Each structure stands twice: as structure tokens, then as C-alpha cells.
Amino acid sequence: MSLHFFAQRRAFTALVLSCCLLLLLSGCVTTWHASSKIEAPQPITSPYDPHSYRYLEFESGLQVLLVSDPQAEKAAASMNVNAGSLHEPDAWPGLAHFLEHMLFLGTADFPEPDGYQQLISEQGGSYNAFTASRDTNYFFDIQPAAFDAALARFSRFFVDPLLNEDYLQREVNAVDAEWSGTLQSDGRRFFDVLRTALNPEHPASRFSAGNRATLDIDNPALREALLDYHQRFYVAELMSLALVGPHSLDELETLARQHFSDLRQAEQDHTPVRFTQPLLVDQQLPMQLQMEPLRRDYQLSLIFSIPDPQLHQKVQADRFLAYLIHHEGENSLFDYLRREGWITALSAGSGFNTGEEALFFIDFTLTAEGAQQAETITAWVFHWLEMIQQQGIEAWRYQELAQITEQSFLFQESNDPSDFATFLALQMAYTSPEQLLRQPYAFDHFDVEVIERTLQHLQPERLVSILVTPDAQTSATTDWVPARYHRETNLPAIEWRQVPRPEALQLPEPNPFITDQHKLVEGESLAVPVRLDHPSRIEVWHGQDTSFGLPQGDIYINLIQPQVLDNREARLLAGLTASWLEDRLNNPTYPARLAGLHYSIDSHARGITIQVSGLTAKQPELLEQLLSALDQPQVHPNDFRLLRDRWIQQLENRQHDRPIQQLVRQLYLSMIDPTWPTSELLEVLDGLAYTDLQDFIDHYTDQLAIQLLTVGNLDQATTLAIADQLASRFDPQIDPQQLQLMQRALPAGLWQQSIPIDHNDAALFWYVQGQPTDGRSAAAFEQEALMRLVQQLQSAEFFHQLRTEQQLGYAVFTGVFPLKNTAGLFYFIQSPVAQPSALAAAIADFIESDRQRLAALPSERFEAQKNSLIQQLRQADTRLSDRSARWWNLLSEYGADIQPDDFERRAQLADRIEQISHAELLAFYDQLLAQELGQMLLSSPTDQPLPGANAQPSDWPLIEFD
């Protein structure tokens, strides 16, 4: 897959740590190498970190970090190559990304094109790769027993890939399909518009994803270019390897040396590539651009070039300035702009790092009114920057940020092994061994001169401004993505001093929520939460758990309102209430969020849930703030208008969601009751007034049931005190009821439905529903166990046949899809080359023909796949947040009727899978083939009728969940 600028800035934040994004986007032009003649320095670790680490540098120059985690139930590896799309030749845009794809398709030692993928799948693992501007990264995870075999195949990617000419066409099609799938992404369109602002002499301005037009397989020079790129950049001096697993450090070192000691070295002294051309051309600045999005979205980006922050990594000037710029406290820039009704979000930070320069972004999510005030917003930004220059660059502010981030470093939760390995492999390209773990959190050197010098680059004369609005006046279309835009260069600088500064605008005060008083509560950790007696009608659950060794906890409070379940107006008003509370609480609680406390307020089918998480020392104070917001609430008409407009905008933008999102939403609409189509929700929203919201909030607690769960570093006394606090404030009048959505039983046979989807690709979602049963019954476990095993056995083959061999699209996958207590699985394809009718035929052919392959599976492979799935289900929680979320989901589903065994559902499912015989699996599969199980095909508009009868959900029976 290709991970370019927007994927790095937005999608990749889901990876490892909140700071990983900044590392991915940054770097310097040299890498750190320890002398092979002395003992290599080792990473600084948190005293609460249970892992063991060993940094090595092989004689070849390969950097290696080994991580032993005795509790890990998977092993993972990541190899980072410190070369990406910026390093490819001008003649072959997308070459680095194309090479990334080709390495998966066989090596000299392992020539089978799907051998690596098959091994990973059979052993319960996952794999992927991405190409960024200065890095290409490959990663996988797998059951520890198969780590050696997987590394044997993985290591050959970097030594002797075949780059087989027979697969060039096929993989160019895959790259092209990946590019095609992004054509209607506003993020991709923004990136393309931004490229038009960059210096055309800089490689960052080039198209980098690749497609059939730029990767001409009829030209024999293409394969030579692939070989040349691999020969030049896939050398040990530019590679860094991270291995994570339950193995000892000595065992991991043996594996690393066994498989990676023969990596090729550069044929001569390897001089790092420098990108000395400026990112922006001074003579073109200031510059303004407008872009017309597909969605009804509004955004303002103020962009400046700055020296690459990696040049002064210890200072982290860009992050310090970003911390001040996007502060959301009282009387901050964000606060004023939000109160004006002009913005809903503000972020700041650097990206596009080249080793010489970077771009610094100040991004606003605007309202429609805010888009009309872009010039005033820009002027206020420069007032704010002046205040930072005059009052903000102070040692106490820097030290406060250092304390916040150091606390995050000390008390961070464990990470998924694959994500962690990827993070570490990337880090090694840009950070010294000692700082590999700590650098994202380290503010060790307050240097006024470096910070002020960075700030001096954020001047009106150096500004690139991009306004995204549906009302954009456009004059051109970008070359590679059809983004409509307009650009003006060498404009007069904004006269920002002519715009009055808000009088009360002020920088943040010291943060009262920062504390170093953290300790673990006494008492044993509970295997499952227990119900506590309480004199009120509150359903109280307590799950004390300090087994992770961190002073963290989660508090869940479910404020259940019966009318929300089956009344669409009440459902919308509950959502508006949650959003109103979030907005009202944002400023006063912002210091708490900075200090490691977090909260969320979400609406759902039964009401509103409040969750508080993070460090427990000051959670009671934060919870009191949250609950007090419901005391004598006053909804202002303008606040309501902005909220309603935001919700209308979000609902209208659903039509531009990715195809799979729209198809899954339609499935829920068909199978779950009560749910309502977007058109009906918009109609109701349009008729609501602020008095409706005021009245709803005023009377929300009149008929209220409450569920409470605490998990983590919270003792029983604290839990009961929270229950007392809730009882005295809300006085719940009813017991928590099992108010549940109802599900439709999909009749046996094949059903189909097409929905309007505005996308250049076609898409088809083939859903198979199990028999609706009591979720605790033996039949329920049997259905889910069989469906999970079918998916496990078919996943890699489905991908190989329909994506690799038939080249139907880039997004080709299967998955399990339970709806409440009912098991399910699905097959999905998004295709730029075939219509839904052809996709349906291809999936039908696969389902039918794969029966023979499943029947012929050798017993050892069948048992290996079973064991892989069983081990996945029996994996222990590695993070408190994962455990608490799992417990809360079960409590939300079963409520007071929950039994201790319900908390062990995964283990029970694993036990049932262990009992499945090959013959039982085939008998179940025959039921699927005979369409004894209901199956539903959902698609984008189709050229020909899909197989099956027209879906009539309103005629299907409703089954209430137990």
C-alpha cells in the first residue's frame, strides 16, 4: 500500500503512539551508527516498561533493535528502508511504491508468489507495507512458533527478489487500482492541490502513487529501473530492523543474525541523498489557493516552510510552538474562533520533512460561516503568533510540556507487536539508539534562539493559504486526481494589524491537573468485574485491575433514556446533547486532557455514555466537571444552530463515504430495527428548534437508568463513591432495562439490493448470516465458531484468487461480521475494472470452487489453521483499555443478566473451534453452498441484475435479542 502525506498525517496516527506521526514525517539526512568496535548504546526505558531491549549494529551497517516481551502472544518484525518516493527517478513516478508491491511476489529461495502470504495467514498473522516520502516499510506479525519460518521468507525481500516479469502487469494493475480507489478522497485531492504550491524542481512536487500511465510495463526499462532502485537503496546501511516477540534477547539475536547477516552493502561509500531545493519558491509567496471538495467540508490551512526540526531534535521547537498555537483553553485562539461560530477544530504541526526543510501547518476545520471569514481568521492567527513571540517562549511553559510528555512516556500502555516494531524500525532511521523509545516525549533542551528562529519563519510574507470550500472559485484541475482548484501567487502580504485583536485573548495559565502523585491501589486484581450492592437503582460494576502496573483506569457511565431507543427525534436529540456537552466542556477540561486524563461523551441507541480514562489521580475532579455540565443547562440559539448545521453536514457527507462504509450502513438499515435512513434523519433535523434540545436536556434525567463500570486502578470505595455521586445528582427512577435493538432474520436463500453510490469504482458486499440464536446457547457458539474457521481458511485464498490472479481490485478481503448475537461473515471487492454483476459472479464462483480446495486440505494444514485461530482467540489482553472496552461491551449487551462465563466468551469460542472436525466444517460449508443460510448481496449501481431476489427487509421477521 502507499502511505503518502495525508495517510501519514491522518491515518497513521492510529499506529503506535501519539507521537509516531511526527517521527514518520520527519527525519535528518544522516543515520546514527555505533562503532562496531565498542558496545552499542542501549535505549532509555521507562521504569514501568516490562520489555527488555537490545540494540545492535551488524558489520554490514544494518541497525537492529530486539524487544523481548515474555507476555507477547505474537511475534513481529519490521524492516525500514530509508528511501521512498523522493528517491525515485523523475522518469518513473510511483517506482518506489511499485517496487514495494513486487517484493511480495517471490524471491530466489522462495519463488511462489503467494508463499509468504499463505504462511502468514495460516499462522494467524498479518502483513503489509507502505511507501512514504523518505521511507519504505515492511512489517508482519505471526504466531511465535512460526517466526523463524516467516523471517526466512521476509529477509529474502531485501536480498534476492525475483521481480518476475510475468507479474509486472498484474502488480501494475494493483497499484493502479489502489490509486483509482483514492480519486474521490478529499484528502488525496488536497494533497494534489498542495503539490501545485511546491517548488516544481523539488521531488516532493511529483506524483508518487503510480498508475498504469506512469509505470509502462511495455517499456523494458521499467524492470531495469526497479532493479537499479533496489540495488542502490536496499542496502544494509540504509536499513533498520526491529524484532518483537516472547523470545529471549539471545534467541532474537540469533534469528536476526541467521536471516539478515547477508544483506548487501553499498558498493561504495554511501552518501545520503540530500534534497537541497527549497520546498517553496520565495518569489511565488504569499500564495493563496482554493479547492472545491466533494464533501460539504470547509477547511483552512496556513502553511509555512521551516528548517527541518530534526536538525535540532532535542529542542523540538515545532512541537512546542504547535502546543501553544492549538491550545484549546479559556480565551485561547481556538476558544475565540469557536465562540464566533467559525471553527470546530484547530491543529498545528510539521510534516513533509526533507532533512533540510519541513512544512509547518496550522489547520482549521471551518463552519460555512468560518469559510467566509478566512481573512479575519488568518489575521487573528498572526496576532496569536505575535503573542507567543512576546509572552509564550518561556522556560516554565516548556518545562510544563516536558512534564506532561515525560508522564506519557513513563505510563504508556503496551502496543501491538506489529505496530511497535514498525515504530521502532522507523525511529532508527532518524534517532540515536539511546533515544529510540523516549525521543517522541523528550523536551530536554529549552533553546530560545532555536524556537524564535523557527517562529520567525511563520510570517505573512512566507504564507501559503489553502481554503477548501464547496463555494471555491476554481480555474484548473490537478494532473493526477481530478481536484478543482485556483491558485494565485506573489500576492501582497495580509495586513493583519488592520484587523483588531480580540481584547481578552490570552495564552494558557499553569495547568492545575499536572501531578506526580501516582500510586497503585492496594488489593488483588479481579479476573472479571463484580456487581456491587448500592442502595440506589444504579447497576454498579467494579473491576479493580493493577496487573498492568500502571496507575490508570476507565470509568464508564451509561445514562439510559428509554425513549431514545425507538423515537428518531429523541435519538437525534441524544446525539445533539452529547455534542453540546462536548462543546461546553471542551475549554474547562482541556488542561485535564493535556495532563493525561481523557473523556468521551457519545450517544447510542439507548442514551448517552460518558467515559473517563487515563491516569486516575485526578479522575474524580474531572468527573465532577463533566457531571456538573448538566446542572441548569442553558442552550443558546446560536449554539444549537451551529450544532444542527454540523450534524446536517455530517449526514449529508455520508454519500461520499467509502463504498464499504455505505454498503455496511445499508446492511444495518436492513437488518437492525429501529434504524432510519439518512434522508429521514435530515428531515427531522431540519424541523428541530433550540427549544426542542433545551426541553430534551431539561427532562433527560426524569426517566433515567444508570449503569456504572470502573476498571483498573480504582478500588471499591472509589467506585461506590462515584455511584453515590451519580445517585445524589440524578436520582434514577427506573432500573436499567434490557432496552435492545431488534434484528431481522435473513430468510434462507439469496437476496440482493443495489444502492446509489457516487464513486468511480464498483463495489459488492456479500453477507452471510448465521441462524439467529440465544447468544449463550451451544448453537450460537457453533455458528460463530464455524464461520470464523471458514473465514480463517478462505482469507488468503480469496485475496490470492480475486486480487492477485484475477486482478479485480485493490480492496479484496473477507471478514467475520457478527450482528449482536448472530454470527456472520462477508466477502468484499471494490473494483475499478468490473461491474457489480461481474464481482458477484466472481465471488459466487470462488465460494463454489473453493469447496474442493477445502475438502482436499491435508489434515495437518487444517489443524494448523484451527490452532492459529484458537491462539488468536486465547490471546490475553495486553492493554487495560482493551480489557475495559471488552467488559463494557459485554455489560452493555447483557446488563444485569450477565453471568461470569460471559466475560470468558472468547475462550469458550476457542474451545468450540478446537472441537470442529474437518467433516463438520465441510458439512457446514455445504449448508452455505445450498443457501440454507440467508445471504444478501449489497452493491453499488449495477449494469445487470444481481443474482437473488429483491431484498424486502420490512417483510422479514424481527427477533428480539435475549
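In short, a report on the structure. Predicted, not measured: the structure shown is a model, and the values here were computed from it.

## What to know about the overall build of the protein chain
Here comes step 1: For the protein chain, the helix and strand inventory stands at 30 helices and 28 strands.
Here comes step 2: Here the C-alpha atoms of the protein chain give a radius of gyration of 28 Å, agreeing with the 30 Å that 2.2 N^0.38 yields for 962 residues.
Here comes step 3: Seen through its principal axes, the protein chain has C-alpha atoms that stretch 75 × 70 × 60 Å.
Here comes step 4: Within the protein chain, the proportion of its 962 residues that are buried is 60%.
Here comes step 5: Taking the intrachain contacts of the protein chain between residues at least 6 apart in sequence as the baseline, contacts between residues at least 24 apart amount to 83%.
Here comes step 6: Surface summary for the protein chain: the accessible area is close to 36600 Å², and the carbon and sulfur share equals 46%.
Here comes step 7: Of the charged side chains in the protein chain, 65 are positive and 128 negative; the average position of the first set lies 1 Å away from that of the second.

## Observations concerning the pairing of strand β10 (residues 357-366)
Here comes step 1: The buried fraction of β10 amounts to nine of the ten residues, a majority that puts the element mostly inside the structure.
Here comes step 2: In terms of strand pairing, strand β8 (residues 299-307) meets β10 through nine bridges, oriented antiparallel. Looking at the pairing, Ser301 lines up with Asp363 of β10.
Here comes step 3: Remark: five residues form the turn of the hairpin made by strand β9 (residues 343-351) and β10, two consecutive strands paired antiparallel; Phe352 in that turn has positive phi of roughly 60°.

## Notes on the environment of His97
Here comes step 1: Relative to the elements of secondary structure, His97 occurs in helix α3 (residues 95-102).
Here comes step 2: Overall, His97 belongs to the buried group, its relative accessible area being 1%.
Here comes step 3: A polar contact of 3.1 Å, which involves the side chain of His97, links it to the side chain of His101.
Here comes step 4: Engagement of the side chain of His97 in a polar contact is seen with the backbone oxygen of Ala209, the distance being 2.7 Å.

## Quick word on the side chain of Gln707
Here comes step 1: Here Gln707 lies in strand β20 (residues 705-712).
Here comes step 2: On the basis of relative accessibility, which here comes to 2%, the residue Gln707 falls in the buried class.
Here comes step 3: A polar contact is formed between the side chain of Gln707 and the side chain of Glu539, at a distance of 3.1 Å.
Here comes step 4: With residues up to four places along the chain from it excluded, the contact list for Gln707 reads Glu539, Tyr556, Ile557, Asn558, Ile560, Arg606, Pro736, Trp888, Leu891 and Gly895.

## Description of the pattern of salt bridges
Here comes step 1: Inspection of every chain in the model, using the stated rule, returns 46 salt bridges.
Here comes step 2: Between Arg641 and Glu369 there is a salt bridge, with the nearest N and O atoms lying 2.6 Å from each other. Taken as a pair, Arg641 in helix α20 (residues 637-652) and Glu369 in helix α12 (residues 368-371) lie far apart in primary sequence, 272 residues in all.
Here comes step 3: Overall, the relative accessible area of 27% leaves Arg641 in the partly exposed class.
Here comes step 4: In this structure Glu369 comes out as partly exposed when scored by relative accessible area, which is 33%.
Here comes step 5: Residue Arg883 pairs with Asp877 through a salt bridge whose shortest N-O separation is 3.1 Å.

## Digging into the packing of helix α4 (residues 115-122) against helix α25 (residues 778-805)
Here comes step 1: Packing of α4 against α25 leaves a shortest axis separation of 9 Å and a crossing angle of 165°. In terms of their interaxial angle, α4 and α25 are classed as roughly antiparallel. In this structure, α4 meets α25 at a crossing whose hand is right-handed. Each of Gln118, Ser121 and Glu122 in α4 lies in contact with α25, whose residues at this interface are Gln792, Ala796 and Glu797.
Here comes step 2: Looking at the contact of α4 with α25 residue by residue, the class counts come to one nonpolar, three polar and two charged.

## Regarding the sheet that holds β10
Two modes of strand pairing occur in sheets, parallel and antiparallel, and in both the strands are linked by backbone hydrogen bonds.
Here comes step 1: Strand order across the open sheet formed by seven strands is β9-β10-β8-β11-β7-β13-β12, with mixed pairing between neighbours. Edge strands, defined here as strands with exactly one partner in the open sheet, are β9 and β12 (476-477).
Here comes step 2: Across the sheet, helix α7 (residues 186-197) lies against β7 (287-292), β8, β10, β11 (464-468) and β13 (484-488), angled at about 155° from β7, the strand it touches most.
Here comes step 3: Contacts from helix α10 (residues 317-325) reach β8, β9 and β10, with the element oriented near 170° to β9.

What counts and what doesn't
- Residues numbered from 1 in each chain as written.
- Predicted model: local features only at pLDDT ≥ 70, side-chain atom pairs only at ≥ 80, totals over all residues.
- Heavy atoms only, no water.
- Helix = DSSP H or I, 4+ residues; strand = E, 2+ residues; numbered from the N terminus.
- Rg over C-alpha atoms; globule rule 2.2 N^0.38 Å.
- Buried < 20%, exposed > 50% of the residue type's maximum accessible area, 1.4 Å probe, protein only.
- Contact = heavy atoms within 4.5 Å.
- Areas by Shrake-Rupley, 256 points an atom, 1.4 Å probe, with all protein chains shown as cover.
- Lys, Arg positive; Asp, Glu negative; His and termini not counted.
- Charge placed at Lys NZ, Arg CZ, Asp CG, Glu CD.
- Pairing = 2+ DSSP bridges.
- Polar contact = N/O pair within 3.5 Å; in protein donor to acceptor, adjacent residues only side chain to side chain.
- Salt bridge = Lys/Arg side-chain N within 4 Å of Asp/Glu carboxyl O.
- Axes fitted to C-alpha atoms, helices over the stretch in contact; angles between N-to-C directions.
- Parallel < 35°, antiparallel > 145°, perpendicular 65-115°, else oblique.
- Left-handed = near helix turned anticlockwise from the far one by under 90°.
- Nonpolar A, V, L, I, M, F, W, Y, C, P; charged D, E, K, R; others polar.

Geometric values such as these leave the question of function open.
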